[in-house]
Amino acid sequence: LAAGVVAERRPVDQTVAVRIAKILADDEDVPERLGVLVGSPLLPAVADAGAAAAELGIELVREAVSASEDVPGAYRRIRSTIDALWMIPDPVVVTHDNFRYLANRTLYDDVAFLAFSENFVRAGALLSVSPDYATMGSQAAALIDRMVATKAASPTVQAPIGSSLVINAETARELGIDVDMNMLS
């Protein structure tokens with residue numbers, strides 16, 4: 001039986017990044033189609049994200065890749081059908097070369113590039129919504145305190161409570177998105 005706090009966002013939480021991109025663009029019609037490149041092993045997990053995206057009025061455009069070398073071609077196949085590209089933590093997709101290609105190509109194509117980590121935002125992606133690790137530590141400590149105090153069995157795995165939004169202002173400017181810092185605080 002697993003216990004603790006997972007260090008990843010659920011698909012529904014990740015699609016919040018798309019809603020944020022809509023707000024930043026000050027245009028509720030953009031993006032409507034979110035592309036995601038995904039290795040075959042993660043296709044079932046991405047199906048959950050499709051349902052979560054649909055709840056936000058967003059169509060998830062999935063493109064499967066079987067090897068890292070397939071990523072540029074997969075992006076070219078979907079780029080004219082998407083408004084934003086979501087990079088998920090997929091070891092088949094996420095390599096240094098693929099990130100550089102996608103960061104540069106999406107900017108050239110005027111496609112918002114959403115990442116899963118603050119580090120990718122610093123390197124050129126538009127934004128990320130990721131776990132707040134300090135909050136996760138506090139959440140884990142509270143779980144342990146509760147287990148010790150009640151001598152209860154291990155709790156189930158919990159989703160992290162807090163999130164961290166990181167926006168690359170330079171990328172936003174290049175995409176023509178005016179980031180209102182007052183709105184974000």
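Bear in mind that the values here come from a model prediction, so they are computed numbers and not experimental data.

Before going further, it helps to examine the confidence of the model for the chain. In the predicted model, the chain carries a mean pLDDT of 79, and 75% of its residues have values of at least 70. Segment residues 1-6: pLDDT under 50, and 25 contacts once partners within four positions in sequence are set aside and those in other chains are kept. Residue range residues 8-13 is modelled with pLDDT below 50. Its contacts to residues more than four positions away, or to other chains, number 16 contacts.

This brings us to helix α5 (residues 96-108). The α-helix winds at 3.6 residues per turn, so residues separated by three or four positions along the chain end up facing the same way. In this model, α5 (13 residues) spans 18 Å end to end at C-alpha, consistent with the 18 Å of a helix rising 1.5 Å per residue. Two residues or fewer after α5 comes Asp-110, characterised by a positive phi angle close to 60°.

Counting 23 residues, the largest nonpolar core has Leu-37, Leu-85 and Phe-113 as the members making the most contacts within it. Put simply, the parts of the chain that give this core at least two residues each are β3 (59-65), α4 (71-78), α5, β5 (112-115) and α6 (118-122). Here this core gets four residues from one element, more than from any other, and that element is α4. Residues contacting Phe-113, with those up to four places away along its chain left out, are Leu-85, Met-87, Phe-99, Leu-102, Ala-103, Thr-106, Ala-125, Leu-126 and Leu-127.

With that settled, consider the pattern of salt bridges. Tallied over the full model, the rule gives five salt bridges. Here Glu-32 and Arg-33 are joined by a salt bridge, their closest N and O atoms 3.9 Å apart. Its salt-bridge partner being Arg-122, residue Glu-118 comes within 2.3 Å of it at the nearest N-O pair. Here Arg-122 and Glu-118 lie together in helix α6, a separation of four residues that amounts to about one turn. Overall, Arg-122 belongs to the exposed group, its relative accessible area being 57%. Several salt bridges share partner residues, and in doing so they unite Glu-32, Arg-33 and Asp-83 into one network.

Cut-off values and rules
Along each chain, numbering runs from 1 in the same order as the chain's sequence is written. Local features in this predicted model are restricted to residues whose pLDDT is 70 or higher, and side-chain atom pairs enter the listing and the counts only when it is 80 or higher, whereas totals over whole chains, interfaces and linings include all residues. With hydrogens and water excluded, all non-hydrogen atoms of the structure serve as input to the side-chain values. Residue-level confidence of the predictor is what pLDDT reports, using numbers from 0 through 100. Any two residues whose heavy atoms approach within 4.5 Å are treated as being in contact. We count a stretch as a helix when DSSP gives it H or I for four or more residues in a row; a strand needs E for two or more, and each element gets its number in order from the N terminus. In this scheme, a helix's expected span is set at 1.5 Å multiplied by one less than its residue total. Throughout, nonpolar core names a set of buried Ala, Val, Leu, Ile, Met, Phe, Trp, Tyr and Cys residues whose side chains join them through atoms within 4.5 Å. Partly exposed residues are those whose accessible area sits between 20% and 50% of the maximum for their type, while under 20% is buried and over 50% is exposed, using a 1.4 Å probe and protein chains only. A carboxyl oxygen of Asp or Glu within 4 Å of a side-chain nitrogen of Lys or Arg is what we treat as a salt bridge.

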